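Structure at a glance
The chain contents come next:
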Amino acid sequence: MDFNMKKLASDAGIFFTRAVQFTEEKFGQAEKTELDAHFENLLTRADSTKNWTEKILRQTEVLLQPNPSARVEEFLYEKLDRKVPSRVTNGELLAQYMAEAASELGPTTPYGKTLIKVAEAEKRLGAAERDFIHTASINFLTPLRNFLEGDWKTISKERRLLQNRRLDLDACKARLKKAKAAEAKATLWNDEVDKAEQELRVAQTEFDRQAEVTRLLLEGISSTHVNHLRCLHEFVESQTTYYAQCYRHMLDLQKQLGSSQGAIFPGTFVGTTEPASPPLSSTSPTTAAATMPVGPSVAGLAPPGEAALRLEEVTPPASGTRKARVLYDYEAADSSELALLADELITVYSLPGMDPDWLIGERGNKKGKVPVTYLELLS
């Protein structure tokens, strides 16, 4: 009991001494031991790493889960060390609604059939999103959280210890200074000087030891950066895979809708006005939105690969033609195709029976088939 009381009294005395030293430093009434420039740079870099890691972590969480209520729920499950329940993605929910709508409105009608096709695509998009969220959480968010909840807490603890050791050291220096001043006035040897010098040596040793421990932890931030760099690459890879899957699913859907649209509205094709990147092949799905003029039927015309196109028999449609800007260079595969140069303007039109992924292009006295994915149709 007496031992515990003495320890509490000692701890209280140390805390009071540190508080006095800290307060006097703030008011400029006491000297402060400064850390070297390299150590200060390590502290600054560590603080910046912690601050930016927190911001990146929070914003990535928002990216993966925009719903704040869902994020709070997931946070609580993690703190309780329980598995987060599976949640339906927005794409999967939309797919469910479309499928139900098709069932009620008539799955054999053109609208119903299209709803079913889009629902299947949205379901695949939702599944791809789920996989991306799962992969990004494991490979990117988890390492960032581990740093903040593990390494950074250790660094913060050692920095607080170093601060206390520094306050103890500077308090000892102040006591020694006062003892020497008292000794000079008394013109005799003061036992307080010996005691103050001994306390100073102990405080200096403890400070140096703690400074070395803290320095090693701060230098470990470089390893943290290397680890976060690897995680960042994995995040980009998973995001690239996700968007590539979405792109493929939408191209498949667009091709299906293009063929069904052609059956309902002959001579038209549907898509976006400009692809995000050059097509992977000359048989990519339609990506230009427009209703093209349709020229007269040409005897012997068939989809590519079934029969050769007789260009001499091709004439522009009576209803007119359209201008198109070339998005990418294209090398003609055979004499029936027209080679293209990026940014040039050509005249285009469609023919009955043509593959919806192709148009007839004319430039001067030259003509030939051109892939619509390489074009931006102009009004």
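Residues numbered from 1 in each chain as written. Predicted model: local features only at pLDDT ≥ 70, side-chain atom pairs only at ≥ 80, totals over all residues. Heavy atoms only, no water.

To continue, consider the nonpolar core. Note on soluble globular proteins: their nonpolar side chains tend to be buried together. Ranked by size, the top nonpolar core spans 34 residues in total, and within it Phe 39, Phe 132, Phe 140 and Leu 218 carry the most contacts. Those elements that provide at least two residues to this core are α2 (37–64), α5 (110–186), α6 (191–219) and α7 (221–264). At 16 residues, α5 tops the list of elements feeding residues into this core. Ranked by size, the runner-up nonpolar core spans 21 residues in total, among them Val 314, Leu 338, Leu 351 and Leu 359. (Core = buried A, V, L, I, M, F, W, Y, C linked by side-chain atoms within 4.5 Å. Buried < 20%, exposed > 50% of the residue type's maximum accessible area, 1.4 Å probe, protein only. Helix = DSSP H or I, 4+ residues; strand = E, 2+ residues; numbered from the N terminus.)

Where nonpolar side chains cluster on the molecular surface, the patch consists of Val 88, Leu 93 and Tyr 97 and spans about 280 Å² of accessible area. As for its placement among the helices and strands, Tyr 97 is situated in helix α4 (residues 90–105). A residue is classified by how much of its surface remains accessible, and Tyr 97, at 49% relative accessible area, is partly exposed. (Patch = residues over 30% accessible without salt bridge, like charges linked within 9 Å, V, L, I, M, F, W, Y side chains within 5 Å. Areas by Shrake-Rupley, 256 points an atom, 1.4 Å probe, with all protein chains shown as cover. Salt bridge = Lys/Arg side-chain N within 4 Å of Asp/Glu carboxyl O.)

Our next topic: the environment of Glu 376. Along the polypeptide, Glu 376 turns up in strand β7 (residues 375–377). Separated by 2.6 Å, the side chains of Glu 376 and Arg 325 make a polar contact. (Polar contact = N/O pair within 3.5 Å; in protein donor to acceptor, adjacent residues only side chain to side chain.)

A few words on α4. With 16 residues, α4 extends 22 Å between its outermost C-alpha atoms, agreeing within 8% with the 22 Å of an ideal straight helix rising 1.5 Å per residue. Looking at α4, one finds that the buried residues are Gly 91, Glu 92, Ala 95, Met 98 and Ala 102. Taken down its axis, α4 places every buried residue within 120 degrees of arc, on the same side. In this structure, α4 carries Asn 90 and Glu 104 as exposed residues pointing more than 90 degrees from its buried face. One or two steps after α4, the chain reaches Gly 106, where phi turns positive at roughly 120 degrees. (Expected span 1.5 Å × (residues − 1). Arc of directions from axis to C-beta.)

Where α2 contacts α6, the two axes come as close as 9 Å, and the packing angle between them is 50 degrees. As the angle between them shows, α2 and α6 are arranged oblique. α6 is crossed by α2, and the crossing has left-handed handedness. Every residue of α6 that contacts α2 at His 38, Phe 39, Leu 42, Leu 43, Arg 45 and Ala 46 is listed here: Ala 211, Thr 214, Arg 215, Leu 218 and Glu 219. Residues of the contact of α2 with α6, tallied by class, amount to six nonpolar, two polar and three charged. (Axes fitted to C-alpha atoms, helices over the stretch in contact; angles between N-to-C directions. Parallel < 35°, antiparallel > 145°, perpendicular 65-115°, else oblique. Left-handed = near helix turned anticlockwise from the far one by under 90°. Contact = heavy atoms within 4.5 Å. Nonpolar A, V, L, I, M, F, W, Y, C, P; charged D, E, K, R; others polar.)

Pairing within the open sheet is antiparallel, and its five strands lie in the order β6-β5-β4-β3-β7. Looking at which strands have only one partner, the edges of the open sheet turn out to be β6 (366–371) and β7. Taking the axes of each pair of neighbouring strands and ignoring which way they run, one obtains an average angle of 40 degrees across the sheet. (Pairing = 2+ DSSP bridges.)

This part covers the packing of aromatic side chains. According to the stated counting rule, one finds seven aromatic pairs in the structure shown. Considering the side-chain rings of Phe 132 and Phe 235, the 6.2 Å spacing of their centres and the 40 degrees angle between planes classify their relative orientation as tilted. One end of the pair, Phe 132, is in helix α5; the other, Phe 235, is in helix α7, with 103 residues separating them in the sequence. We note that Phe 132, like Phe 235, is buried. Grouped by ring-pair contacts, the aromatic residues Phe 132, Phe 140, Phe 235, Tyr 242 and Tyr 243 constitute a single cluster. Taking NZ or CZ as reference, Lys 55 lies 4.5 Å from the ring centre of Trp 52, over its face. (Phe/Tyr/Trp six-rings, centres within 6.5 Å; stacked < 30°, edge-to-face > 60°. Lys NZ or Arg CZ within 6 Å of the ring centre and 35° of its normal.)

Bringing the pairing of strand β5 (residues 358–363) into the picture now. Of all the six residues making up β5, five are buried; the element is thus mostly covered by neighbouring parts of the structure. Bridging between strand β4 (residues 345–349) and β5 involves three bridges; their strand directions are antiparallel. Note that in β5 the partner of Thr 347 across the bridge is Glu 362. Linking two consecutive strands that pair antiparallel, namely β5 and β6, is a turn of two residues; a positive phi of about 65 degrees is found at Gly 364 within it.

The predicted model of the protein averages 81 in pLDDT, with 78% of residues at 70 or higher. Low pLDDT, under 50, characterises residues 280–291; the stretch is placed with 44 contacts to residues that sit more than four places away or in other chains. Here residues 296–307 is modelled with pLDDT under 50, and outside its nearest four sequence neighbours on either side it reaches 23 contacts, counting other chains as well. (pLDDT = per-residue confidence, 0-100.)

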